[in-house]
Amino acid sequence: MKQYLTIDEWSIIEESFDPQTQEISESVFSLGNGFMGGRANFEEQYSGSSLQGSYMAGVYYPDKTRVGWWKNGYPEYFAKVLNSTNWIGINIDIEGIPLDLAKCTVSDFRRVLNMKEGTLSRCFTATLEDGKEVKVESIRFVSMTRQEIGAIRYSIIPVNFSGKITITPYLDGDVKNKDSNYDEKFWNEVEKQAGTEGGHLTLKTKKLDFHVTSAMAFDILVNGEKVNADAEAIEQEKYVASKMNVSVQSGDQIVVYKYVANVTSRNHGLGQLVDAAQTALQAAKEAGFVTLLTEQIEAWREKWKESDIIIEGDVSAQQAIRFNIFQLNQTYNGEDDRLNIGPKGFTGEKYGGSTYWDTEAYCVPFYLSTADSSIARNLLIYRYKHLEKAKENARKLGFAKGALYPMVTMNGEECHNEWEITFEEIHRNGAIAYAIYNYVNYTGDKAYLGQYGLEVLVEISRFWEERVHYANRKDKYVMLGVTGPNEYENNVNNNWYTNRMASWTMEYTLEALDYLKKNESTRYAELVDKLGLQESETAKWNDIIAKIYYPADEELGIFLQQDGFLDKEIIQVKDLAAENLPLNQKWSWDRILRSCFIKQADVLQGLYFLGDRYDLDTKKRNFDFYEPITVHESSLSPCIHSILASELGYKDKAYEMYLRTSRLDLDNYNNDTEDGLHSTSMAGTWMSIVHGFGGLRVHDGRLTLSPSNPGHWTAYSFKIMFRGSRLKVSVSDAQVTVTNETDIPASITIYDKEYTVNGLSSITADSNSITV
Ligand code: BGC
C-alpha cells in the first residue's frame, strides 16, 4: 500500500512525478462520461511504462477463448471492451527533441482530478537533455453534456530559450488491448483524412463490425493571438496528425485547444459516421473551450446535488467517498439500456469490461438512491433483453427449461471460461432476481413486474427447480456442485447462500404471480400463456421452498457455507502470519481451496440481502464466525461486512471495513490499481455509508433509517432520492435531520418513530434515539 496522493475534499492531487506510480495514477485520474472514457495518459509522448487506454462503451471484441483444456459448454470467446483510438494525443518537440517526461527532469509537477467540476489538469516544468526548459499546463475533460465530445487545453511556455516548438495533435488508432488473448490487434482501418486544421479516422473491429470515427479540430494561439502556422498533414496506417512549427520567444505562451468527437456505429448509421462526428465537432469548436467547460461544471453541479455525501471532521474519508461517487457517475449514466457497468469502468481492461453480478448486487442500490428511478430500471431492462440468451445458455448446459444468466457478458452470451465459475457460480441468477425485488420495493413500481420482471423471475425459478434435486436420504432438495460468492471454494454441495437465494427467488416469483393475478388479471393471463406456466410448476416451487436443505450447525447456531465447511481446519486470519497474505498471491490455489479462508461475503451476503428475515442474534452469530476467517480479497467484500457490522453495533469493525473499501484504489490496498479501478465495489462503499452507518432500508414501501455515527466523524450527510422526493439526511452525534429538498412529501421512519417530511422542510429526530 502506497499513499502518495494529497488529501483534499474535492480533488485527487499528485504533487510530484514518479514513473513508478504512473500506471496507478493513470487509473486513479481516469475520466469518463458513461459513453466513453479513458485512463489519465499524458497528452504528449511518454516512453515510460504506461497503459494507453481509451474506451467506448459497448464497443467490444469477441476475443477467441484461450484455455488449456476445452470443456463442453465453454463459450467461444471472451468479450473485451476495446481499447480504441487514442484521441488525447498532442506530441510536442522542442527544437527537434521530443518532450517526454520519461526522458527529462521534471519539477513542480502537479496532477489534479477535480471531482467537483469533472476535469483533469496537470502542470510541470521540464528540463530537456540540452538544458531547455518549458512550463506546461494542461486541462481536459470528457463532456457530460455532449457525450461524444472531449476537449483539451494545452499550454507551453519556453522558459529559457527562444526557438521552434513543433506541435502535433493526432488520432492514433493503431492500439492494442493489453489483455488480447492472442496478441492480436482488433481494429481495421476504414478511412481517414488528415488536414491542416484537423482530421478524422474511422476504424472498424475485425469481428462484429463496430465502427468508430474520431474527428479532431484544433486552434493554436501564441500570447492569446491565433496563429496560422503551416501545418503538415500526416497520414499513416490507422493514424492521422497535423504537424505545426511555431516560432516562439522565451516567455511566450503557446496554447493548443484540441476538440475531439468520437462517434460509434452503435448510435449512428454506418454511412453517417463522419458527418455525425464532424457535426458534433464543429458545434463543440464553435461553442469554444470556455463554454464547454462551463457546461461541464454545471452538469457536475447537478450530479453532486443528487448524490453528494458530506463527511465532516475527516478529510481523507470525505475525499474517498467523493472519489467513489465521482467514478460511478463517470462510468454509467443510465441513458442507454444496452449498456452496463464493467468492474473497471473505463479505467482499465481487466475483467473485459463486461457485466457481472456486481451490477445487481452492488450497483443497483446506488443508482436507485442517487438518480432517477429510470436509471436502475434500465439496468434491469438490460437483463430482460438478455432473457432469450440466458435461456439458450441454460439449454447449452443441458437444462430442459429456465434461464441461466451468464457470469460475464456483453450481449447476453456467456463469455467466462473457467468451469468453476462459468458452470458453477450460478448464484448470479439469484442476484438478478433480487435486483427486481429491490427495484420494486424501493420505487413502488409494481407495474414493472407485469411489464418485464415476472418473465425473468419465472425463467430463473424454472432454472432453480431443475438445478436442485430431491435427495431421498435427506428428504430434502439439495444443490450439488456449485461455487458460492466465495470463490476460494469450488464444486461444493449445498452452498447456503445459493440454496437460500434459489428458494427466495421462487418465493418472490410466487408472490409476484399472486400480485398480478389479483391486480392485473389480463396481463397475468397473457403472461401465463406466454410463459406456458403450469400449475404443476408453481406446486413444485412451493414444495422446494418447504423442503430445500439449508446446511446449519445447531451448536454454533450458524448457517454453514456448505455441507463440509466445518470439516475444515478453522483458523482465524489474525492467527495467520502476515507473510501469508494476500493468499491469492502467496498460496497455491490448491491450498486456498482446502483452507477455511473466505474471499468475500458468502453466508453474510445472504444475511445482508434477506436482512429482514433474520434476527440480530442470528446475524451476530454468523458474523462472529465468518468475518474472522474472511480475507476480503475481493474488492466486493469489505462493504457488506461494514454494513452488517454497523447493524450489529460493531463500530470499530464497521469503520475498519469502511476504510478498506473507500480508499481501496486511492491507497492501492490490493496492489492492483494500475489494472484499473474497482468501479463496481465503489457502489459498495456508498452502501457502507447509506445502508451501513445510515441504516437505510425500505420496508413495506416505507423508508426507514437508523443512523449511527461511526465515531470518527463530527457529522455526515447523504442524499437519497425516494419516490419523487430528494432527501438530505444529516447525522451528528446528537441528532438526525432530514431535509426534503423537493416539494413532494416523504413518509419515513427513523429508528422506530414515524415522520412525514413535508416538501421543502426538515424534521429532526429525537436525539436520545441515537443508539448503537
Ligand atoms: C469476485 C466476483 C466479482 C468479480 C468482478 C471477483 O474477484 O469474486 O464476485 O463478480 O471479481 O468484480
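Residues numbered from 1 in each chain as written. Predicted model: local features only at pLDDT ≥ 70, side-chain atom pairs only at ≥ 80, totals over all residues. Heavy atoms only, no water.

**Here's the deal with the confidence of the model for the protein**
In the predicted model, the protein carries a mean pLDDT of 96, and 99% of its residues have values of at least 70. Here residues 768-772 is a poorly scored stretch, pLDDT under 50, and it has 13 contacts once near neighbours within four places are set aside; other chains count. (pLDDT = per-residue confidence, 0-100. Contact = heavy atoms within 4.5 Å.)

**Concerning the sheet that holds strand 4 (residues 36-38)**
One open sheet accounts for four strands, arranged 3-4-5-6; its pairing is antiparallel. Each edge of the sheet is formed by a strand with only one pairing partner; in this case those strands are strand 3 (31-32) and strand 6 (77-83). (Pairing = 2+ DSSP bridges. Helix = DSSP H or I, 4+ residues; strand = E, 2+ residues; numbered from the N terminus.)

**Observations regarding the site of the ligand**
Contacts to the ligand come from Pro343, Tyr351, Tyr356, Trp357, Asp358, Glu487, Lys599, Gln600, Ser634 and Leu636. With respect to the ligand, the side chain of Lys599 contributes an N or O atom lying 2.8 Å from an oxygen atom. Contact with the protein chains hides 92% of the accessible area of the ligand, taken as 310 Å² for the molecule alone. The class makeup of the residues in the shell around the ligand is five nonpolar, two polar and three charged. (Near = heavy atom within 4 Å. Polar contact = N/O pair within 3.5 Å; in protein donor to acceptor, adjacent residues only side chain to side chain. Areas by Shrake-Rupley, 256 points an atom, 1.4 Å probe, with all protein chains shown as cover. Nonpolar A, V, L, I, M, F, W, Y, C, P; charged D, E, K, R; others polar.)

**Re the pattern of salt bridges**
As a working rule, side chains carrying opposite charge can pair if their charged atoms are close by. Summed over all chains, the structure comprises 53 salt bridges. We note a salt bridge from Lys530 to Glu455, for which the minimum N-O separation is 2.9 Å. Separated by 75 residues along the polypeptide, Lys530 in helix 11 (residues 521-531) and Glu455 in helix 9 (residues 447-467) bring together distant segments of the chain. Note on Lys530: relative accessible area 54%, which makes it exposed. (Salt bridge = Lys/Arg side-chain N within 4 Å of Asp/Glu carboxyl O. Buried < 20%, exposed > 50% of the residue type's maximum accessible area, 1.4 Å probe, protein only.)

**What about the layout of surface pockets?**
If you add up the space inside the second largest pocket, you get close to 930 Å³. Considering the residues around the second largest pocket, the lining is formed by 40 residues, among which Gly695, Leu696, Arg697, His699 and Thr704 are closest to the centre. The biggest single contributor to the lining of the second largest pocket is helix 8 (residues 428-443), with five residues. Grouping the amino acids of the lining of the second largest pocket by side-chain chemistry returns 18 nonpolar, 14 polar and eight charged. (1 Å grid on protein atoms, 1.4 Å probe; cavity = no way out; pocket = protein on both sides within 12 Å on 5 of 7 lines; lining within 4 Å. Points joined across faces, edges and corners; volume = space filled by probe spheres on them.)

**Concerning the packing of aromatic side chains**
Taken as a whole and judged by the stated rule, the model has 52 aromatic pairs. Between Phe141 and Phe289 the ring centres are 5.5 Å apart and the planes differ by 50°, which places this aromatic pair in the tilted class. Linking Phe141 in strand 11 (residues 133-142) with Phe289 in helix 2 (residues 273-307), this pair joins segments that are 148 residues apart in sequence. Of the two residues, Phe141 and Phe289, neither departs from the other in class, the shared state being buried. Taking the centre distance of 5.9 Å and the plane angle of 65° together, the rings of Trp587 and Phe597 count as edge-to-face. (Phe/Tyr/Trp six-rings, centres within 6.5 Å; stacked < 30°, edge-to-face > 60°.)

**Thoughts on the environment of Asn378**
With respect to the helices, strands and loops of the structure, Asn378 is situated in helix 5 (residues 373-385). When its relative accessible area of 16% is taken as the criterion, Asn378 is described as buried. In sequence terms Asn378 and Glu335 are 43 residues apart; their C-alpha atoms lie 7.8 Å from each other. Those residues within four positions of Asn378 in sequence are excluded, and the remaining contacts are Tyr332, Gly334, Glu335, Asp336 and Asp337. In terms of polar contacts, Asn378 uses its side chain to reach the backbone carbonyl oxygen of Gly334, at 2.6 Å.

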